[in-house]
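Descriptive structure summary
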Amino acid sequence: MSYFAAAVVRVEGGWTAAEVNLRGATDVDDVADRLRDVEPDADVSLLFVEADDTYLVILRLDEGEDLRIFGSDSAYAEESRLGALLVGDLKTSVTGLDDTEESRPAGGAGEESDQPAVDPEADPVGDADILADLGVSAQKLLRLCAHEGMLPADVTAEVCQVLGCADEVEELREV
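Notes on the structure follow. From a predicted model like this one, the values you see are computed outputs, not experimental measurements.

As for its position among the elements, A157 is in helix 6 (residues 152-163). Counting along the chain gives 12 residues from A157 to V169, while the straight-line C-alpha distance between them is 7.7 Å.

Another aspect to go through is the pattern of salt bridges. Between side chains of opposite charge, a pair can form when the charged atoms approach closely. Overall, the coordinates contain 6 salt bridges when judged by the stated rule. Across the pair R34 and D30 runs a salt bridge whose closest N-O atoms are separated by 3.5 Å. One end of the pair, R34, and the other, D30, are both in helix 1 (residues 28-38), 4 residues apart, so they sit about a helical turn from each other. A cluster of three or more residues bridged by salt bridges with shared partners is formed by R60, D62 and D133.

If you look at the biggest cluster of nonpolar residues, it comprises 28 residues, and the most contacted ones within it are F48 and V159. Those elements giving two or more residues to this core turn out to be strand 1 (3-11), strand 3 (44-51), strand 4 (55-62), helix 5 (138-146), helix 6 and helix 7 (166-174). Ignoring any residue separated from it by four or fewer positions in sequence, one finds V159 in contact with F48, L131, V136, L141 and L144. With 23 residues, the next largest nonpolar core counts V20, V28, L35 and L85 among its residues.

This part is about the packing of aromatic side chains. Counted under the stated rule, the structure contains 1 aromatic pair. Relative to Y76, the ring of Y55 has its centre 5.0 Å away and its plane inclined at 20°; by these criteria the two rings are stacked. Note that Y55 is positioned in strand 4 and Y76 in helix 2 (residues 76-79), a separation of 21 residues in sequence. For Y55, a relative accessible area of 8% translates into the label buried.

Conventions adopted
Residues numbered from 1 in each chain as written. Predicted model: local features only at pLDDT ≥ 70, side-chain atom pairs only at ≥ 80, totals over all residues. Heavy atoms only, no water. Helix = DSSP H or I, 4+ residues; strand = E, 2+ residues; numbered from the N terminus. Salt bridge = Lys/Arg side-chain N within 4 Å of Asp/Glu carboxyl O. Core = buried A, V, L, I, M, F, W, Y, C linked by side-chain atoms within 4.5 Å. Buried < 20%, exposed > 50% of the residue type's maximum accessible area, 1.4 Å probe, protein only. Contact = heavy atoms within 4.5 Å. Phe/Tyr/Trp six-rings, centres within 6.5 Å; stacked < 30°, edge-to-face > 60°.

Purely geometric stuff here, so don't read any function into it on its own.
Printed below as a string of structure tokens:
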């Protein structure tokens, strides 16, 4: 199974990005250590792991602590050793969903209500609210992951566009 792992870290001067090698990682704490090593003094560190154009996992550390994880589909844990390492221990339900204004259809018709919040084929796991304070609500993240035809790289690009670090991640892909 192939993967792309991009760390995006925020420090005083803005966002920087670096590719992270996850080969030989022994557990999720080892992965978190590799994310910390990108920039030990980062305010926010995010790791986007895209696997086989099918799965997306986002890891987050705030000031190097409090690891939070979101996985687009629990099936990734069954598909690969890396998937088991990243999402194997997560509960099978998504957290961070509450009945907010954004999650309710606004007055009937609209593109938001036409798209299911969660892909019926997928089983997202972990903390969908992982990026809410950065401008990507749980509902938006789940909608992006559920959108037909969206690859994990597309979801990462959309999220990074909101965060303001899309160019940095795109540069990593071009290398």
